[in-house]
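Chain by chain, the residues:
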Amino acid sequence: MSDLALAPAAAPAGAPGRWRIIRAVAAREWLEMRRDRRLVALFAFAALLMLAALGFGAAENARIGREREAAAQADRLLWTGQGAKNPHAAAHFGQYAFKPASPLALADPGVDPYVGTAVWLEAHKQNEAQFRPARDGGTAARLGGLSLAFILQVVAPLVVLLTGFASFSGERESGALRQVLSLGVRPQDLLAGKALALLGAAAALLAPAFLAAAAAVALFADPAKLSLADQYLRLLGLALGYGVYLTGFAFLALGVSALARDSRAALVALLAFWLANAFVAPRLSADVARALAPTPTAQEFRAAVAKDKAKTFGHDETHPAFIAFREETLKKYGVSRVEDLPVSFRGLTLRRDDEAGYAIYDSHFGALQGAFEKQDALRAAGGFLFPLLALQPLSMALAGTDSRAQFDFASAAEAHRRLIQNEVSDNIIHFQRDERYVAGPELWKRIAAFSYAAPGAGVALAGAREAIAGLLGWLALTLLFAVVAVRRLRPI
């Protein structure tokens, strides 16, 4: 009070006088927060929880990286050590494409535990990703599921609300608010000062987590395999996104505190919103998104692909499409018998069948991903009211663990499968003269190992446009709400 009593001497005031008041209010709020041992303990507990989650995430990410690297090396040895065999048999032997763990998955694992981590690349068939960590997860895995993202998305807003719910209502109950307003302090300046202090507290909450995440990325990410600059750009985007998220909660707490008749009513209202945002809205939005943009079950998807694949001939030499292709080929080369072709007809049929399959798989997998992206957009649509709906997709996108990142990896794996198919088919076309033909290890070694580089931060941000708009809408809405709420404050 003493600071404020001195400051308004300048109450008439221009901007410098108002800024003195704002600073005085912020300094007093900050001092009271530091004096409140309950708040200090709450912030310390939240910070420890975040650092512990980050430590679990970093350890889990490092383990996953080691296991996938070892598995990829072992699979490569199997591929190159096949010995002499027909190239098409080698294509059926196949190989795995393992998804490298995103460094920022240590902060937000996203959908990674629920989607496959490797794709089996084999002849004629684009497989779905296999080996879902959540399916095999035990108690330790569930503990590791306590991610930094979960704490920042669910626990941190609660800390902000508990810090700010009595900002105005507590002073109203003690009579301090009336005294301050009677001194000529503008309600908007009070709001600005209290918001400054509350945002400073939120920044103090976020800073250790993001500094530790930056250190973990520097320690565990391999600069030879990815761009550290891109990872830090993603981390900066995450910090800004979570900053906007918590800033909105700070304005919401201040606005409700200004409107509520007492601190208890403010706390109840804010806790009700926190519950709705953290647990109710995500479930309801997911149900609505599934209803409006349905996706097929795994069985339905596979059945639809099989139905279209039946239109291609595969290895069926009695299939009408096979007979038509044979006639077309004989006509093209000007011969009457397959035996008279200057190239291997079997190789030509394999390549033709593969190309027909590519279009089918592109159509079905593309439509499935389109449905997922529509569901993501529908879930984010309510982000300006319930910001977790907007923050989650943005966080996963920047961490490289959303459905778009998974689709990009699966597409890269499929491109590698097609490279293998084209290579072995071309080898058969040009070198196979009878059924006894075999190729040597030099062919298997010539086909490069699968290598995947995730797209940059710009691509992730472009895919999260709706989420970014939702978060900015949330910030604007809560700021407007707080400004309107404090205008109702009167000295009497």
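Refer to the preceding data block for the structure.
It should be emphasised that the depicted structure is a prediction, and the values quoted were computed from it without experimental measurement.

Q: Explain the side chain of Thr401 here, please?
A: Relative to the helices and strands, Thr401 resides in the loop between α16 (388-399) and α17 (403-431). Note on Thr401: relative accessible area 0%, which makes it buried. A distance of 3.0 Å separates the side chain of Thr401 from the backbone oxygen of Asp108, its partner in a polar contact. Those residues within four positions of Thr401 in sequence are excluded, and the remaining contacts are Ala105, Asp108, Pro109, Gly110, Val111, Asp112 and Met396.

Q: Could you clarify how one ought to interpret helix α14 (residues 320-333) in this entry?
A: Residue pairs spaced three or four apart in an α-helix point in one direction, given the helix's 3.6 residues per turn. Over its 14 residues, α14 runs 20 Å from end to end, which matches the ideal 20 Å to within 8%, given 1.5 Å per residue. Contacts made by the buried residues of α14 are with α15 (345-380). Immediately beyond the C-terminal end of α14, within one or two residues, lies Gly334, with a positive phi of roughly 70 degrees.

Q: Hey, could you run me through the nonpolar core in this one?
A: In summary, soluble globular proteins display a tendency toward joint burial of nonpolar side chains. By size, the foremost hydrophobic cluster in this structure holds 78 residues, and its most contacted members are Leu152, Phe168, Leu190, Tyr242 and Phe249. Discounting residues that sit within four places of it in the chain, Tyr242 has contacts with Asp108, Ala149, Leu152, Gln153, Leu206, Phe210, Leu391 and Ser395.

Q: Help me understand the pattern of salt bridges in this model?
A: Should the charged atoms of two oppositely charged side chains come close, the side chains can pair. Applying the stated criterion across every chain, the model contains 28 salt bridges. Between Arg28 and Glu171 there is a salt bridge, with the nearest N and O atoms lying 2.5 Å from each other. Within this pair, whereas Arg28 is found in helix α2 (residues 15-35), its partner Glu171 is found in helix α8 (residues 169-174), the two being separated by 143 residues in sequence. As far as burial versus exposure is concerned, Arg28 and Glu171 are alike and both buried. Arg337 serves as the salt-bridge partner of Asp340, at 3.2 Å between the closest nitrogen and oxygen.

Q: Please clarify how the packing of aromatic side chains should be interpreted in this entry.
A: Aromatic ring pairs are reported here in terms of the distance separating the ring centres and the angle at which the planes meet. Within this structure, the stated rule accounts for 18 aromatic pairs. Between Phe273 and Phe386 the ring centres are 5.7 Å apart and the planes differ by 15 degrees, which places this aromatic pair in the stacked class. With Phe273 in helix α12 (residues 263-292) and Phe386 in the loop between α15 and α16, this pair connects stretches of sequence that are 113 residues apart. Residue class for Phe386 comes out partly exposed when judged on its relative accessible area of 27%. Taken together, a centroid distance of 6.1 Å and an interplanar angle of 75 degrees make the contact between Phe409 and Phe450 edge-to-face. Pair noted here: Phe409 is in helix α17 and Phe450 is in the loop between α18 (441-446) and α19 (457-462), with a separation of 41 residues, a long-range link. Of the two residues examined, Phe409 and Phe450, each falls in the buried class. Ring-pair connections join several aromatic residues into one group, and the members of that group are Tyr245, Phe249, Phe273, Phe386 and Trp474. In this structure, Lys194 packs its charged tip against the face of Phe168, placed 5.2 Å from the ring centre.

Q: I tried to follow empty space enclosed by the protein on my own but got confused; where do I start?
A: In this approach, a probe sized like a water molecule rolls over the atoms, and the result shows the empty space that is left. Applying the stated rule across the entire model yields three cavities of 30 Å³ or more. Every residue along the wall of the largest cavity is listed here: Ala107, Asp108, Leu148, Ala149, Leu152, Phe210, Leu238, Tyr242 and Ser395. Counting residues per element, the ones that place at least two in the lining of the largest cavity are α7 (148-164) and α11 (228-259). Across the lining of the largest cavity, the residue classes break down as seven nonpolar, one polar and one charged.

Q: Any chance you could explain the layout of surface pockets here in plain terms?
A: The volume enclosed by the second largest pocket comes to roughly 1300 Å³. Taken together, 50 residues form the lining of the second largest pocket, with Lys99, Pro100, Ala101, Lys225 and Tyr452 sitting closest to its centre. Going through the elements one at a time, α3 (37-80), β1 (95-98), α11, α16, α17 and α19 are the ones with two or more residues in the lining of the second largest pocket.

Q: Please explain the pairing of strand β2 (residues 118-122) as it appears in this structure.
A: Side-chain positions along a regular strand alternate between the two faces of the sheet. Across the five residues that make up β2, a large majority, four, are buried. Two elements, β1 and β2, share four bridges in a ladder whose sense is antiparallel. In the strand pairing of β2, Gln95 is matched with Leu121. In the sheet, β2 pairs with strand β3 (residues 125-126) via two bridges, with the strands oriented antiparallel. The partner of Glu122 across the bridge, within β3, is Lys125. Joining the antiparallel neighbours β2 and β3 is a turn of two residues, in which His124 adopts a positive phi near 75 degrees.

Q: What's the story with unusual backbone geometry in this structure? I'm lost.
A: Phi is mostly negative for residues that are not glycine, and the peptide bonds are mostly trans. Notably, His124 is not glycine yet its phi reads approximately 75 degrees, a positive angle. Tracing the backbone through its elements, the reader meets His124 in the loop between β2 and β3.

Reading the values: the criteria
Residues numbered from 1 in each chain as written. Predicted model: local features only at pLDDT ≥ 70, side-chain atom pairs only at ≥ 80, totals over all residues. Heavy atoms only, no water. Helix = DSSP H or I, 4+ residues; strand = E, 2+ residues; numbered from the N terminus. Buried < 20%, exposed > 50% of the residue type's maximum accessible area, 1.4 Å probe, protein only. Polar contact = N/O pair within 3.5 Å; in protein donor to acceptor, adjacent residues only side chain to side chain. Contact = heavy atoms within 4.5 Å. Expected span 1.5 Å × (residues − 1). Core = buried A, V, L, I, M, F, W, Y, C linked by side-chain atoms within 4.5 Å. Salt bridge = Lys/Arg side-chain N within 4 Å of Asp/Glu carboxyl O. Phe/Tyr/Trp six-rings, centres within 6.5 Å; stacked < 30°, edge-to-face > 60°. Lys NZ or Arg CZ within 6 Å of the ring centre and 35° of its normal. 1 Å grid on protein atoms, 1.4 Å probe; cavity = no way out; pocket = protein on both sides within 12 Å on 5 of 7 lines; lining within 4 Å. Points joined across faces, edges and corners; volume = space filled by probe spheres on them. Nonpolar A, V, L, I, M, F, W, Y, C, P; charged D, E, K, R; others polar. Pairing = 2+ DSSP bridges.

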